[in-house]
Each structure stands twice: as C-alpha cells, then as structure tokens.
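# Analysis of the macromolecular model
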Amino acid sequence: MTAAAKMHGLRDVASLWQAPLSDAVAEATAVVLLCPVLLAVALWNEFPIIFYDTGGYVLQGLGGAFVEERSPVYSLLLWFAGAAQSLWLVALMQAALTAFVIVQATRAIAPKLSIVALLAIVGALVTLTALPWYVGQIEPDCFAALSILCLYLLVFHIPTLGLRRSIAIWLVAALAIAVHPSHLVLAAGLVLAIIVYKAFAAWRGPSWPNARIRYAAAALLLGVLTIVASNFGYTQKIFLSRAGPVFVFARILQDGIVMRLLDDTCPQAHYKLCAYKDDLPRTADQWLWGAESPFQKLGRFEGTTKESQRILWASLKRYPLEQLAAATHDSIRQFTMFRTGDQIEPQQWVLFSDLDRLIPNQMRAYLTARQQRTGIGFAPINRVQVPFGWLSIGFLTLALLSALWLGARSQTVLLGFVLVALIGNAIVCGALSNPHDRYQSRLIWLAPFALALLAGARPLALRQREESGT
C-alpha cells in the first residue's frame, strides 16, 4: 500500500469518527463500538454479572420447569440466545439491543452528534451510573430503560425512524415490556400518560409534538400476547401472572397492614395465616425467601396466592387510608433509592446446584469470576454514582421547568416523559412490590442521557422560544 493510500485510509477513518449518526455507516459503526463499552463491567468481572434470580430464569429456560415468580419470556430468551453454550451470548445480545436503542434515540433527538461524541456520553454513563451493571447482568432489568426509550421513539419519532427502524424498535419495545411484569405495568401507565398528553396537546394547539398512541399501544398489546403465549406454553393455561398478588401481599406485610388485619379478624376470618400470626416475618424479603417463613410452609406462590388476594381485598376495604399512605410512602422511598450493587455478591450457596446441572461447561468461569472469587466493593462506586444520580434528577427537573418557561415543546416532552417514567417506576415497584435500590438504579441513567442528547442537539435550545413542536 502506498503512502498516499494509507493517508487516504486514515482520512476515511477520521471522517467516519466525526460523521453524524444520521449517516447509515456511522449509525451501524456506533452500535458495534458501543457493545464492548456497555459490557465493560462484565468484562472486568471476567463473567456476566449474576443475580439471585438468575438461577430461576436458567432453571425455567434451560431446565423446562415453570417458575411462577420468574418471567417465562426472559427465560425463553436465555434459551434462544444460547445461554446453554455461554451466558456471554446473552450479555452480548443485551448489549447489542441497548446499543441499538441508544443510537436510534440519538439519531432522533441529536442526529448531528458524531460517533466520538456518543461514545463519550455512553462512556460517562458507564462510569457514573449503574447502566453497565444491568446490561452485563443475566437478569431482565436492563430492558426496563429500553421499554421507556422505545415507547418514546414510537410515539414521537416514527417519521425520523422510518419504516424498518420503526419495526425494529416496536419489536424491541414489545420484548422489553414482556420480560418482566413491572415493565408491563410501567408501560401501561406510560400509554395512559400519553393519552392524557394527547388530550392536553389537542386542547393547547398544534405547537405541541404529535403523539402517535397506536404504535405504543400496539407494542404493549404484543408484549401482553407474548407473556400469555409463554405462560400457556409452560402450563397450558391462559393468564398474565400468578405471582403479582403475593408480591403486593409481601409489601403490605412489611408495612404492618397484614398484622393489623390478622389482629382484628383472627380467628373468625379463618385465614391460614391466623395460625402463624405471632411468627410472621417483619420484612417482605424475609416472608418471600426466608427458609423458616410460613410462606414456605403454606406452599409458596401456588399455595398462598388465593389467600394473599383475599387478605389484600379485605385490608383495602378495612383500611383504605392506611393502604394509600403506605403505598405513597413506599413509592417516595423507592424514588430516592438507586444505589448500585443491590445484592450483587457471591451467590454460589444459592445457585450452584442449578447452574452446575444446567450449564456445567461454564461453572469454572463462573466460580473464578471476580464477583464469586472476592466479591465487589460498591462503597467507592456509590460515593460517586449516588450524588451524580441526584444531580441528574435535579438538572432534569430544572431543564424541564426551563423548557416549559421558554416554550421549548419538544424538549419539554422528552424531559417530561423521562421524569414521568422515573416517577411511574417508583410507584410500580414501591407500591406493588417493595422498595429496592436496583429497581430505580436500572433507570437512573435515562436522566443524564436525555440531558446530554438535548445539549448535543441544540446547546442553546433552552435559551430561545421554539415556534414549532417537532
């Protein structure tokens, strides 16, 4: 190769790095380059991150057993992605989907942004938020943020995406909604919020961005059908979830409402729990997972679902204000909880037997990974990431208020959508389950990501009044 040819090649590479993501080659290159960045934590760990629930998903997906408290859709996704051969294939799939959605969101909001700029943004998110801990984890949590971004794109950016990208985003949205019940409830809430927004926009006039509700509703419907079909494939019965009432019951037990009901109604109510009234665990996790919990003695999910439903309805009828106060308190508490590393610790004592039976060829790598070998200290990580999370929420709120004040309609919609999603997630997970750091930390990166894209799209966008919404 001549010196001139080499120089020409270098110029081509340099121009590609600086090419806007609206260019198809730059778009594809960005997706590929983002994957190893998003997998940085898993690569450092030398194995995908494992959570306690991973064993249930692997057992259901590779072992064929129906596990009521675990999503059959994500379990089947493990099988489809090749988890039996390597869990790295699952992590890579999650990274590729996340990279694709990030790039599509960037193309829609800040199409002139270059590959270098986007890599810098994602690199900062990998360092300052929990994003890579979920992308590289064998758990459906990384899909929560993808469901939000995909719904936003389907509602507000179909013309920018075009037909093929829109179909791809629609499929990713449906998958992201289907892989966990909390994603389904959150997506339903966001669709309702979009309906309210559309009514508001129709009242206020055409300057507000047009909302295409049918595309988001179609993704939600496909997600529901996927869940029902997966459940039917395992059980030959049609249902969405059997475990939901049990998780809500565990939350109101933790809030003291169950104990109050039992004190007021036993033994006349004839609840099975009356016999265990004085020995009930005090936290939801102890109730659900404690070895000596009455939950285990009464048959776990299958044996307690009906009584959980009965107690839920009885407590709602007897103590409506207490229920509302407890749900509100738990939702607010959930909104403030987003520390990284929730229950990411050595877990061999729980998972070894199932993993050793179902993925024996991967056990050496699993046992020698940093997570299992020495554990991971999250204190220094959270000294950086927790303050950054609060700053992100603060700046998101200030930017939203500024956009409203200046009449920047499209910025208002994006920032408002992210804030509503964060609040909605806190309500769904705090009130329908019980607060855990991982539920909110899996989404917190959306706030700085949205702010970075708006800054990259129009640095002066919040200093001037827009004349049109899109």
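Check the entry above for the structure.
Report on the accompanying structure. (Residues numbered from 1 in each chain as written. Predicted model: local features only at pLDDT ≥ 70, side-chain atom pairs only at ≥ 80, totals over all residues. Heavy atoms only, no water.)

## Quick word on the overall build of the protein
Of regular secondary structure, the protein possesses 25 helices and zero strands. For the protein, the spread of C-alpha atoms along the principal axes amounts to about 85 × 60 × 45 Å. Looking at the protein as a whole, 56% of its 470 residues qualify as buried. Of the contacts made within the protein by residues no fewer than 6 positions apart, 77% connect residues no fewer than 24 positions apart. (Helix = DSSP H or I, 4+ residues; strand = E, 2+ residues; numbered from the N terminus. Buried < 20%, exposed > 50% of the residue type's maximum accessible area, 1.4 Å probe, protein only. Contact = heavy atoms within 4.5 Å.)

## Quick word on the packing of aromatic side chains
For the coordinates displayed, the defined rule picks out 21 aromatic pairs. Ring centres 5.9 Å apart and planes at 40° place the aromatic pair Phe66 and Tyr234 in the tilted group. Remark: Tyr234 occurs in helix α12 (residues 213-235) and Phe66 occurs in the loop between α4 (54-63) and α5 (72-81); sequence separation between them is 168 residues. Phe66 sits in the partly exposed class, given a relative accessible area of 25%. Taking the centre distance of 5.6 Å and the plane angle of 45° together, the rings of Trp287 and Phe295 count as tilted. Ring pairing ties together the aromatic residues Tyr152, Phe156, Tyr197, Phe200, Trp203, Trp208 and Phe417, which thus form one cluster. Sitting over the ring of Tyr57, Arg70 keeps its end group 6.0 Å from the ring centre. (Phe/Tyr/Trp six-rings, centres within 6.5 Å; stacked < 30°, edge-to-face > 60°. Lys NZ or Arg CZ within 6 Å of the ring centre and 35° of its normal.)

## Brief notes about the nonpolar core
Counting residues in each nonpolar core, the largest one holds 125 residues, and the members touching the most others are Leu34, Tyr74, Phe143, Trp445 and Phe449. Here Phe143 is in contact with Tyr74, Leu77, Met93, Gln94, Leu97, Leu175, Ala176, Val179 and His183, once residues within four sequence places are set aside. Core analysis: the next-biggest nonpolar cluster, separate from the first, contains 30 residues, Ile257, Leu288, Phe301 and Leu312 among them. (Core = buried A, V, L, I, M, F, W, Y, C linked by side-chain atoms within 4.5 Å.)

## Quick notes on the pattern of salt bridges
This structure, assessed with the given rule, holds 16 salt bridges. We note a salt bridge from Arg260 to Asp264, for which the minimum N-O separation is 4.0 Å. Remark: Asp264 and Arg260 occur in helix α14 (residues 257-265); sequence separation between them is four residues, near one turn of the helix. Its relative accessible area of 38% is what places Arg260 among the partly exposed residues. In this structure, a network of salt bridges that share partners links the residues Asp53, Arg70, Glu139, Asp141, Arg438 and Arg442. (Salt bridge = Lys/Arg side-chain N within 4 Å of Asp/Glu carboxyl O.)

## A word on helix α11 (residues 181-204)
Here α11 spans 35 Å end to end across 24 residues, near enough to the 34 Å set by a 1.5 Å rise per residue. Buried residues of α11: Ser182, His183, Leu184, Leu186, Ala187, Leu190, Val191, Ile194, Tyr197 and Ala201, and no others. Positive phi appears at Gly205, one or two residues downstream of α11, with a value of about 115°. (Expected span 1.5 Å × (residues − 1).)

## A closer look at helix α18 (residues 320-335)
With 16 residues, α18 extends 23 Å between its outermost C-alpha atoms, agreeing within 8% with the 22 Å of an ideal straight helix rising 1.5 Å per residue. Every buried residue belonging to α18 is among Gln323, Ala326, Ala327, Asp330, Ser331, Gln334 and Phe335, and all of these are buried. Where α18 is buried, its residues touch α13 (244-254), α14, α17 (300-318), α22 (379-406), α23 (409-432) and α24 (437-441).

## Looking at the packing of helix α6 (residues 87-109) against helix α25 (residues 446-457)
Taken N-terminus to C-terminus, the directions of α6 and α25 make an angle of 40°; their axes are 9 Å apart at the nearest point. Between α6 and α25, the interaxial angle falls into the category oblique. Between α6 and α25 the crossing geometry is right-handed. From α6, Ile102, Ala105, Thr106 and Ile109 reach across to α25, where they touch Phe449, Leu453, Leu454 and Ala457. (Axes fitted to C-alpha atoms, helices over the stretch in contact; angles between N-to-C directions. Parallel < 35°, antiparallel > 145°, perpendicular 65-115°, else oblique. Left-handed = near helix turned anticlockwise from the far one by under 90°.)

## Quick word on the side chain of Arg107
Within the secondary structure layout, Arg107 lies in helix α6. A relative accessible area of 9% places Arg107 in the buried class.

## A closer look at unusual backbone geometry
When glycine is set aside, most residues are seen to have a negative phi, and most peptide bonds are trans. In the segment running from Cys266 into Pro267, the intervening peptide bond is cis, with an omega of 5°. Mapped onto the secondary structure, Pro267 falls in the loop between α14 and α15 (284-289). Not every positive phi belongs to a glycine, and Glu46 is a case in point at roughly 75°. When you line up the elements, Glu46 lands in the loop between α3 (40-45) and α4. With a relative accessible area of 45%, Glu46 lands in the partly exposed category. The phi angle at His270 is positive, at roughly 60°, despite the residue not being glycine.

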